[in-house]
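If you want the building blocks of each chain, they are given just below.
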Amino acid sequence: MLHCFLLGLLPVVSPLPLLVTVRYPSEAANGGIYLRGGRKGTGEDLCGLSWGSGVPLKEGGKDEWTLQLECEENAIVTLEMKALINDEQWSLGANHRVPLQLQDYPKSEKWKTTLPDRMNATATSTSFAPWFGESQGSLSVLSNVVSKQFENERDVIVYVPPGYNENPYLVPSQAVIMHDGQNLFDPSTAFGGQAWMVQDTVDPMIIAGRIPSLLIIGVYNTGANRINEYTNVQDPDYGGGNASLYLDFLEDTVLPLVEENFRLPALGPETLGTIGSSLGGLLSCFAAATRPEVYGKAGCMSPSFWWASENFRLKILPQIEPASEPDSPMYYLDSGDQGGDASSIEKPTQAVRDSLEAKKDYQLNSNLFYYLDHGGDHNEKSWGSRFAEPMAALYGQA
């Protein structure tokens, strides 16, 4: 009798409803859409999902599939899931993740967690757009983009990820502006005929789920005006100094044009990064340091921190006010140790690394990364061959 009375005093744990919506063209989903999943980290069954067999979704409106799950109300875990066609053909790319409550992320993971994952709320619905067959991204060129700041024009090449063309509902979760765009994808436009072949790095990383689906915006340089556009201050020997105007051009002209022509996430520091090499590396770090409300990630490969007597380290960095952890831009820095420019790149880059690490809001291998490419030179071949390093550091998914 006492046992029954005590049971009556125990709180009743009501299930948490979680509505899952999958968007995929109905005509391509022969056999229907199924869902498998489980708890992140352990793989154990969660919310009625398992990795061993799928649960069918109900086809609702056009190209829309839904499933109502029930989860334990106080589960402070992340649910991972993946869509399948006819419970046989697995979708490609990263697992879709749903944090069921605010999580106490370790510091090393917090920097790679998107804003919705950090919200102090319990998830009640989630949606995603999977893809199943497309194994390569594709390229498009926006020609003759005019800059009012410099009264010149250039091309912009845009990479869209695998799945973008297969599923019209897929919106890349990240966008990356890269500099010297003619050198990134196509040997016929690249300096010396040597392109980075960025697509050969990011395609397999996206398909394997190592990085999220992302869109890359490669802005061509204009040759003779490159130094002027990529540097923030004049150097007594080389001139330059109009990087701020160049960043205005990217934000006022390039980004709106890309948004008009491609599917993009809402742009802000949680979703927009910038990567470049040499002067483009200097420019990327300058962009994140001076416009953290725009750029949340900066990949600075073989950056020209020697410019204007190390102006970036000695003048720009001291002006940066400490920010709270989630608001501090992430930095990836690297250098090679071969070639005539090696010492002038490696030592100033390590000095910038040390200056950032000395700030209270930066920790090496957490939101600040440095990579020394042994045998790496100051050229397109070396930058392309190690491009997986900044991708994994800035965008890697555990």
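Above: the structure in question.
Please read all numbers here as calculations on a predicted model, not as lab measurements.

### Some remarks on helix H6 (residues 243–261)
Argument step 1. The end-to-end C-alpha distance of H6, which contains 19 residues, comes to 26 Å, matching closely the 27 Å that a straight helix rising 1.5 Å per residue would cover.
Argument step 2. Its axis deflected by about 35° at Leu250, H6 carries its strongest bend there.
Argument step 3. Within H6 the residues assigned to the buried category are Ala243, Tyr246, Leu247, Phe249, Leu250, Val254, Leu255 and Val258.

### Side note on the nonpolar core
Argument step 1. Formed by 49 residues in total, the largest nonpolar core has its most connected members in Ile217, Val219, Leu250, Val258, Tyr295, Phe312 and Tyr331.
Argument step 2. Once you skip the residues sitting within four places of it in the chain, Val258 turns out to touch Leu142, Val158, Leu215, Ile217 and Leu264.
Argument step 3. In terms of nonpolar packing, the next biggest core, distinct from the first, is built from 29 residues, Tyr159, Val202, Tyr220 and Ile275 among them.

### Quick notes on the packing of aromatic side chains
Argument step 1. All chains considered together, the criterion is met by twelve aromatic pairs.
Argument step 2. Geometrically, the ring pair formed by Tyr159 and Phe185 is stacked, given 6.1 Å between the ring centres and 5° between the ring planes. One end of the pair, Tyr159, is in strand S11 (residues 152–160); the other, Phe185, is in the loop between strand S12 (174–179) and helix H4 (198–207), and 26 residues separate them in sequence. The burial state of Tyr159 is the same as that of Phe185; both residues are buried.
Argument step 3. Consider the rings of Tyr230 and Tyr246, whose centres lie 5.4 Å apart with planes at 55°: the pair is tilted. You can see Tyr230 sitting in helix H5 (residues 226–230) and its partner Tyr246 sitting in helix H6, a full 16 residues away along the chain.
Argument step 4. Residue classification places Tyr230 among the buried positions, given a relative accessible area of 1%.
Argument step 5. Here the aromatic residues Trp196, Trp383 and Phe387 are joined through ring pairs into a cluster of three or more.

### Topic: the pattern of salt bridges
Argument step 1. For the coordinates displayed, the defined rule picks out 13 salt bridges.
Argument step 2. Between Glu310 and Arg313 there is a salt bridge; the shortest N-O distance is 3.0 Å. Remark: Arg313 and Glu310 occur in helix H8 (residues 307–316); sequence separation between them is three residues, near one turn of the helix.
Argument step 3. The exposure class assigned to Arg313 is partly exposed, which follows from its relative accessible area of 23%.
Argument step 4. Asp354 serves as the salt-bridge partner of Arg353, at 3.0 Å between the closest nitrogen and oxygen.
Argument step 5. In the salt-bridge network here, residues are joined through shared partners; they are Asp248, Glu251 and Arg291.

### A word on the state of the cysteines
Argument step 1. Overall, the coordinates contain two disulfides when judged by the stated rule.
Argument step 2. For Cys47, the disulfide goes to Cys71, at an S-S distance of 2.0 Å. Between Cys47 and Cys71 the sulfur-sulfur dihedral comes to about 125°; the bridge is accordingly right-handed. With a gap of 24 residues between them, Cys47 in the loop between strand S2 (33–39) and strand S3 (55–56) and Cys71 in strand S5 (residues 64–72) connect regions that are remote in the sequence.
Argument step 3. By relative accessible area, Cys47 is classed as buried at 8%.
Argument step 4. There is a disulfide in this structure between Cys285 and Cys300, and the S-S distance comes to 2.1 Å. What sets the handedness of the Cys285 and Cys300 disulfide is the S-S torsion sign, and at about 110° it is right-handed. Taken together, the residues span a long stretch of sequence, with Cys285 in helix H7 (residues 279–290) and Cys300 in strand S15 (residues 297–301) at a distance of 15 residues. Comparing Cys285 with Cys300 shows no difference in burial state: the two are buried.
Argument step 5. Cysteines bonded in the chain are numbered consecutively along the chain; their disulfide partners then correspond to 1-2, 3-4.

### Digging into the environment of Thr42
Argument step 1. By the secondary structure assignment, Thr42 is in the loop between S2 and S3.
Argument step 2. Overall, Thr42 belongs to the exposed group, its relative accessible area being 52%.
Argument step 3. Side-chain polar atoms of Thr42 contact the side chain of Glu44, separated by 3.0 Å.

### Points about the pairing of S11
Every regular strand shows the same layout, with side chains that alternate between the two sheet faces.
Argument step 1. Most of S11 sits inside the fold, with seven of its nine residues counted as buried.
Argument step 2. Here strand S10 (residues 138–147) pairs with S11 via eight bridges, running antiparallel. Each residue of the ladder has a partner; that of Ser140, found in S11, is Val158.
Argument step 3. Remark: four residues form the turn of the hairpin made by S10 and S11, two consecutive strands paired antiparallel; Glu151 in that turn has positive phi of roughly 55°.
Argument step 4. With four bridges joining them, S11 and strand S13 (residues 214–219) adopt antiparallel strand pairing. What sits directly across from Val158, in S13, is Ile217.

Cut-offs applied
Residues numbered from 1 in each chain as written. Predicted model: local features only at pLDDT ≥ 70, side-chain atom pairs only at ≥ 80, totals over all residues. Heavy atoms only, no water. Helix = DSSP H or I, 4+ residues; strand = E, 2+ residues; numbered from the N terminus. Expected span 1.5 Å × (residues − 1). Bend = angle between axes of the 7 residues up to and from the residue. Buried < 20%, exposed > 50% of the residue type's maximum accessible area, 1.4 Å probe, protein only. Core = buried A, V, L, I, M, F, W, Y, C linked by side-chain atoms within 4.5 Å. Contact = heavy atoms within 4.5 Å. Phe/Tyr/Trp six-rings, centres within 6.5 Å; stacked < 30°, edge-to-face > 60°. Salt bridge = Lys/Arg side-chain N within 4 Å of Asp/Glu carboxyl O. Disulfide = S-S within 2.5 Å. Polar contact = N/O pair within 3.5 Å; in protein donor to acceptor, adjacent residues only side chain to side chain. Pairing = 2+ DSSP bridges.

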